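Understanding the architecture of this molecule
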Amino acid sequence: MSAAKVKMREKKLRNQPTSVQYPPAPVTAESSSHNGGDTPRSGNPNKPPHHSGWVRGHRRDGGGYSKEMPKHITAGGFARARAAEVSAMLKAVTKTTGSSHVFGALPKHMRRRAMSHNTKRLPRRLRDVANRMREKSLQAGAKKKKEQARRKSRKARRRHGNLLLEFNRRQRKNIWLETHIWHAKRFHMVKKWGYCLGDRPTYKCYRPCYRAMSSHCLLQDLSYYCCVELQGEEDKLLAALSQLSSKEAGPTFAAAACLSGCRQGSVTVYRAGQYPSQPLGSVTFLWRPRTPGSAHRQLWIWAHPTLKQDLLPELQVVCQCFEAVVPPVVPVATPAEVQPAVEPELKPETAPEAGTKRKQSGEDASEPPAKKILGDGTRSPSTPVTWKSSSTGIVINDLSMEIVRYRLIGPQSHAVLAETLEAAPGCDNKCQGSPLWWPRLCMDEGKMNLHRRQTEVFHLLKGVHSTTELPAGTVLGLTVEDPRLTLPRKKVKALPCVQQTQDVDNERRAELVVRGVPERCCQSSLWERSVRDNVTENKMSEQELNRLRSEVLVPGSRLSPTPLQGRVPVLLVHQPGKQVGHDMSCWGAGWDLLLPKGWGMAFWIPLVYRGVRVGGLNMSLKHSQNKAAPHFPHDFPDCPAGARFQEEQEAELLDKFTRHPPAKRTNYIKHGCLAPFRCPWQQLAEEWELIARGGGGGGGGEDRVGDGQAAHSEATTEVEKTSQLDVPKPPSRFTVLRNRKALRLLSAWCGPTTSKGQRLRRVGEAPPLLRPAAAAFLGAHPTSLVWVRLALPSKGKPELHAMVCVPTAEDLKLLGKGRVGSGPQEPAHRDRFKHRIRGKKKKKKKKEEEEETPAKSSSAESNVPDESSKSSSAPVFGLWPDPLPSVASHCARVSLGWVTQGDFSLSAGCGEALGFVSAAGLVDTLLSQPADRRGTLLLRNPASLHYRFAKVNVEV
């Protein structure tokens, strides 16, 4: 019996009477007089008695009563033995149970639950004891903790004021978007990056969401993206921002189309002066159009929340903005009746009249009514959000959660916006004294002319057949009416209104498609903080809007005149779709709708009523995957945010793996997978740098394959020696190759392919892949990674962290025979750590047993070494422990990289994978392959031994 069972048995039997037994003795007159008449069984006196139970009137072993009965007994001994048994029995009866409750003294048929609430239901002999126990428990509870307040009823908790207080309390830890309540009822919510966001719907809608992105519209709330505003002179802003980017990686903040304010731009930012190393991440930016006669400019930079903590300090350094502007303390307005000058006389409480509502009383009545949190509820009011520089004059404002951003993806996004939004009409001179912003703007004739011009451009969008026809990044400013006024009674599907219009409209529409929105029409009042605050503070509540609707003579008709509080400045920003590759160009294009805070749900519900499909974080990842674009922070391993994401992802996948028993999970050691939950990019880049340096020159054909394998084996021995040394690891030196010129050269060497792997011909011949060009490329980018797209020509579904490997000459011959689906097989590996884990389990079990006997454990600990001090983490069955051996040459096929996004692509109709490979390894592989099979690689999932052929493509 184990120690736990022994303790449990002792606990159950601690109040039971113990048997009164005397040591056995031979059957004599003397012994019978001492044992009180109890005689032992006949047999060997030296042998301990054998106890066996009674079964149906006879002994289990066939024995019975002792045949030799005592001739006489002593009255004193017999009385003492019986008295001991009687006293033990009385002690067991009178003593209460382990819970020390009075009910233990009652038989079961007399016990009632109501006795615990009313002691008068107990018998009189037990009432005093029960009352004393009750008083004692109340005193003990009062000492330990205060008596908890009585919980309010559900009806009270569901009142609007109490719900608002509860929601405000829950927003102090994680930021809620304005559409949080709507998402929480329909989505699986996750806590990420300090926000509470919707991950995926509770209903199955993977294919409907893809159809919405392909043929209609998908709606997403991207308000969790952080906006950083920069203000200052244009020259100083460009001089500061030029340190964070490079023209080699693409257009920068100073691109001509973006600098005018007509286009939204995208750029990868680095630490100041550190290009091409130490990248921070990818951001989008938008310039405010120039004001005539002023050099002052305004710039919005939109970044992922994980990137903001790295980007904001870097912007403060390059702009020299270290002077924090403390926000002013806004006094809390208290009603006048709450703070009287003279204390009123206390009046006796009167009963409320029938039919009147119960009002607040006590401390709650002196507090101002609760308000809904708009913006960041986790930020302290004293936290600075503005920094300025006295030397450069640049001002940095943190506008996170100050602007609502919705994204509409799909070819009919403009049709949804055209039906939802309606340009605001002008106002007459009677509203000149209004505190609202729109009447003041109507007094300026120049701004009203601009508003009319923007309205005409917006009407032209209704005749556009698809969103993809417009130039990428187009910006349009507009002032619209409250969309709640035009809300349909039931959901309708918005479709393009393509009608036979006049030739003049056709010409203007064609000009809009070719040239985009004019620069004057890109201006918007949303850029001004005073206008945003005015619109937010004066928003009409749902209660007031419903009251006005009830006063309309014809139910369901539109309010006339429309309230002036419903004039909202917005910005429409066109989002380009797929911009790389040759198939499905511009797929996934759409619009971004920018609004002032507080108006999120007022625009969200009308958009949903136009038949859009709503997506979460999961659909954002699939949208990037179908566009063959890297998704932040998943596909930025060289950035700090990407490194943090990979650590969190590894911990999550490892926790999910260890929750399964060893017999029900994959043994990745036997599958030859060193790192199934992470990608050791640094080790891969360093190993391929040594391999390429040891391999030397180039060549072509099968001779190059043999030379490369020999050079690879020689270099990997050096790698394994260096990995076995216990030295501190150097800082990360690998970078993702983002040089446009180098990427175009590498793409030409790989040869462009479609999703099905079919080769496409380009105008003009690609530069030849020769030894000097390859050596120059490897010398410039020795430890770089390349973002690639892999297409499987046959069946197969790539998974996360699948291995990208180099095919051998025999594999390419197998492919030449037309056997595309039957790829090579990886031989099963031996689990060399299995016996170590078993031995450690035995030692752990032995150690637990020795802890029960402290005398033996002290001597055992001195002899058994502690293996936990040798390894940083305990080994897990089925996973290779740290440090890892050579990641490039661990399997039968040489590894090039790993997959970060993989799935069956509905847009391509085959399996597609996106990931990174070593630039040096890719060039070395292309040199070793024949011209007709160049760019063919192998793909193997972590839990599979089967390789599948894949076509690699570097898209720029």
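Residues numbered from 1 in each chain as written. Predicted model: local features only at pLDDT ≥ 70, side-chain atom pairs only at ≥ 80, totals over all residues. Heavy atoms only, no water.

**Thoughts on the environment of Ser-246**
Worth spelling out the cut-off: Strands are runs of DSSP state E lasting at least two residues, helices are runs of H or I lasting at least four, and both sets are numbered from the N terminus onward. What makes two residues a contact is simply this: any of their non-hydrogen atoms within 4.5 Å.
Within the element layout of this structure, Ser-246 appears in the loop between α9 (234-241) and α10 (256-259). Along the chain, Ser-246 and Pro-276 lie 30 residues apart, while their C-alpha atoms are 8.4 Å from each other. Setting aside residues up to four positions removed in sequence, Ser-246 forms contacts with Thr-252 and Tyr-275.

**Considerations on the pairing of strand β22 (residues 895-905)**
Which entries qualify depends on this criterion: Relative accessibility under 20% of the residue-type maximum defines a buried residue, over 50% an exposed one, and the middle range a partly exposed one, all with a 1.4 Å probe and only protein chains included. Strand pairing requires that DSSP identify at least two bridges connecting the strands.
In terms of burial, β22 is a largely internal element, 10 of the 11 residues being buried. With three bridges connecting them, strand β21 (residues 803-805) and β22 associate as antiparallel partners. Residue pairing for β22: Val-804 is matched across the bridge by Gly-897. The pairing of β22 with strand β23 (residues 910-918) spans eight bridges and is antiparallel. Bridging across to β23, Gly-897 finds its partner in Val-917. Between β22 and β23, which pair antiparallel and follow one another directly, the connecting turn spans four residues, one of which, Gly-909, has a positive phi of 75°.

**Considerations on the side chain of Asn-739**
Worth spelling out the cut-off: As used in this structure description, the phrase polar contact means that two N or O atoms lie within 3.5 Å; if the pair is within protein, one of them must be able to donate a hydrogen and the other to accept it, and residues adjacent in sequence are counted only when both atoms belong to side chains.
Structurally, Asn-739 can be placed in the loop between β19 (735-736) and α23 (740-750). Relative accessible area serves as the criterion here: at 15%, Asn-739 is assigned to the buried category. Here the side chain of Asn-739 touches Lys-741 through a polar contact of 3.0 Å, landing on its backbone nitrogen. Setting aside chain neighbours within four positions, we find Asn-739 in contact with Glu-248 and Tyr-275.

**Details of the nonpolar core**
We count it as follows: Take the buried Ala, Val, Leu, Ile, Met, Phe, Trp, Tyr and Cys residues and link them wherever side-chain atoms come within 4.5 Å; each set so joined is a nonpolar core.
Core analysis: the biggest nonpolar cluster contains 70 residues, and Val-786 and Leu-790 have the highest contact counts within it. Excluding residues that lie within four positions of it along the chain, Leu-790 makes contacts with Val-804, Gly-911, Glu-912, Ala-913, Leu-937, Leu-939, Ala-950, Lys-951 and Val-952. Counting 58 residues, the second-largest nonpolar core is a separate cluster that includes Trp-182, Leu-219, Leu-470 and Val-480.

**Looking at the sheet that holds strand β16 (residues 567-575)**
Spatially, the six strands line up as an open sheet ordered β15-β16-β17-β14-β6-β18, and their pairing is mixed. With partners counted over all chains shown, the strands left at the sheet margins are β15 (475-481) and β18 (613-614), one partner each. One ladder, built from seven bridges, connects strand β14 (residues 403-409) with strand β17 (residues 590-596); its direction is antiparallel. Across the sheet, the residue bridging to Val-404 is Leu-595, located in β17.

**A look at the confidence of the model for the chain**
How we decide: Known as pLDDT, the predictor's per-residue confidence is scaled from 0 to 100.
Per-residue pLDDT for the chain averages 80, and the proportion of residues at 70 or more is 77%. Low confidence marks residues 855-872, where pLDDT is under 50. Its contacts with residues over four positions away, or in another chain, come to six contacts.

**Some details on the packing of aromatic side chains**
The condition that has to hold: For Phe, Tyr and Trp, where Trp contributes only its six-membered ring, two rings pair if their centres lie within 6.5 Å, and the inter-plane angle classes them as stacked under 30 degrees, edge-to-face over 60, or tilted in between. Ring-over charges, as used throughout, are those where CZ of Arg or NZ of Lys falls within 6 Å of the ring centre and within 35 degrees of the ring normal.
One pass over the structure, following the stated rule, counts 22 aromatic pairs. When the centroid spacing of 6.5 Å and the interplanar angle of 90° are considered together, the rings of Trp-300 and Trp-302 count as edge-to-face. The same class applies to Trp-300 and to Trp-302, which are both buried. Plain terms: the ring middles of Phe-833 and Trp-880 are 5.0 Å apart, the flat faces sit at 75° to each other, and that makes the pair edge-to-face. One end of the pair, Phe-833, is in the loop between α25 (809-816) and α26 (834-852); the other, Trp-880, is in the loop between α27 (854-863) and β22, and 47 residues separate them in sequence. Neither Phe-833 nor Trp-880 differs from the other in exposure class; each is buried. Counting every residue linked through ring pairs, the aromatic cluster contains Trp-193, Tyr-195, Tyr-224 and Tyr-225. When the ring centre of Trp-599 is taken as origin, the NZ or CZ atom of Lys-539, which lies over that ring, is 5.7 Å away.

**Focus: the packing of helix α24 (residues 771-780) against helix α28 (residues 919-928)**
We count it as follows: Axis definition: a line fitted to C-alpha atoms, limited for helices to the stretch in contact. Angles are taken between N-to-C directions and run from 0 to 180 degrees. Should an angle fall under 35 degrees it is called roughly parallel, over 145 degrees roughly antiparallel, and 65 to 115 degrees roughly perpendicular, with every other angle called oblique.
α28 packs onto α24 with a crossing angle of 170° between their chain directions and a minimal axis gap of 10 Å. Regarding the angle of α24 to α28, the classification is roughly antiparallel. Counting all contacts with α24, which are made through Ala-774, Phe-777 and Leu-778, the residues of α28 involved are Ala-919, Ala-920, Val-923 and Leu-927.

**Section: the environment of Ala-303**
Tracing the backbone through its elements, the reader meets Ala-303 in strand β10 (residues 296-303). Spatially, the C-alpha atom of Ala-303 lies 9.4 Å from that of Tyr-224, the residues being 79 residues apart in sequence. With residues near it in sequence (within four places) discarded, Ala-303 still touches Tyr-225, Cys-226, Val-283 and Leu-311.

**Brief notes about the sheet that holds strand β5 (residues 195-201)**
If you trace the three strands from one edge of the open sheet to the other, you get β3-β5-β4, paired in mixed fashion. Each edge of the open sheet is held by one strand with a lone partner, namely β3 (175-176) and β4 (187-192).

**Thoughts on a nonpolar patch on the surface**
Heads up, the condition is: Surface patches are drawn from residues lacking salt bridges whose relative accessible area is over 30%; two like charges belong together within 9 Å, two nonpolar side chains (Val, Leu, Ile, Met, Phe, Trp, Tyr) within 5 Å. The Shrake-Rupley method, run with a 1.4 Å probe sphere, supplies the accessible areas, and residue values consider only the shown protein chains as cover. Basic side-chain nitrogens of Lys or Arg form a salt bridge, by our definition, when they fall within 4 Å of a carboxyl oxygen of Asp or Glu.
Together, Val-86, Met-89, Leu-90 and Val-93 line one region of the surface with nonpolar side chains, adding up to about 380 Å² of accessible area. Following the sequence through the fold, Val-86 ends up in helix α3 (residues 75-94). Residue class for Val-86 comes out partly exposed when judged on its relative accessible area of 43%.

**Focus on the pattern of salt bridges**
Two side chains carrying opposite charge are able to pair once their charged atoms lie near each other. Applying the stated criterion across every chain yields a total of 36 salt bridges. Notably, a salt bridge pairs Glu-234 with Arg-290, separated by 3.4 Å at the nearest N-O pair. Here the residue Glu-234 occupies a position in helix α9, and Arg-290 occupies one in the loop between β9 (279-287) and β10, the gap between them amounting to 56 residues. The exposure class assigned to Arg-290 is partly exposed, which follows from its relative accessible area of 38%.

**Quick notes on helix α20 (residues 640-658)**
As a reminder of what qualifies: Between the first and last residue of a helix there are one fewer steps than residues, each counted as 1.5 Å, and that sum is the expected span. What the arc measures is the spread of directions leading from the helix axis to the C-beta atoms.
Between its first and last C-alpha, α20 extends 27 Å over 19 residues, near the 27 Å set by a 1.5 Å rise per residue. All of the buried residues in α20 are Ala-641, Gly-642, Phe-645, Gln-646, Gln-649 and Phe-657. All buried residues of α20 project into a common sector of 130° when viewed along the axis, lining one side. Of the exposed residues in α20, the ones pointing more than 90 degrees away from its buried face are Glu-647 and Glu-648.

**Remarks on the packing of helix α8 (residues 206-215) against helix α19 (residues 617-626)**
How we decide: In this scheme the crossing of two helices becomes right-handed for a clockwise turn of the near helix relative to the far one and left-handed for an anticlockwise turn of less than a right angle. By the convention adopted, Pro, Cys, Tyr, Trp, Phe, Met, Ile, Leu, Val and Ala count as nonpolar, Lys, Arg, Asp and Glu as charged, and the other residues, Gly among them, as polar.
The N-to-C vectors of α8 and α19 enclose an angle of 55°; their axes lie 11 Å apart at closest approach. When the axis of α8 is compared with that of α19, the two are oblique. Viewed along their axes, α8 and α19 form a crossing whose handedness is right-handed. Side by side, α8 and α19 meet where Tyr-206, Cys-209, Tyr-210 and Met-213 of the first sit next to Met-619, Lys-622, His-623 and Asn-626 of the second. When grouped by side-chain class, the residues that make up the contact of α8 with α19 number five nonpolar, two polar and one charged.

**A look at the pairing of strand β20 (residues 784-791)**
Here β20 lies mainly inside the structure; eight of its eight residues are buried. Neither face of β20 is exposed, since Ser-784, Val-786, Val-788 and Leu-790 on one face and Leu-785, Trp-787, Arg-789 and Ala-791 on the opposite face are all buried. With two bridges connecting them, β19 and β20 associate as parallel partners. Across the sheet, Thr-735 pairs through a bridge with Ser-784, a residue of β20.

**A few points about unusual backbone geometry**
Note that the residue after Tyr-275, namely Pro-276, is joined by a cis bond; omega there is 5°. With respect to the secondary-structure elements, Pro-276 resides in the loop between β8 (265-270) and β9. Of note, the bond from Asp-882 into Pro-883 is cis; its omega dihedral lies within 30 degrees of zero at 0°. Position of Pro-883 among the secondary structure elements: in the loop between α27 and β22. Despite not being glycine, Gln-278 shows a phi value in the positive range, around 55°. One non-glycine residue, Gln-320, lies in the positive phi region at around 60°. Relative to the assigned elements, Gln-320 resides in the loop between α11 (305-319) and β11 (323-325). For Gln-320, a relative accessible area of 40% gives the class partly exposed.

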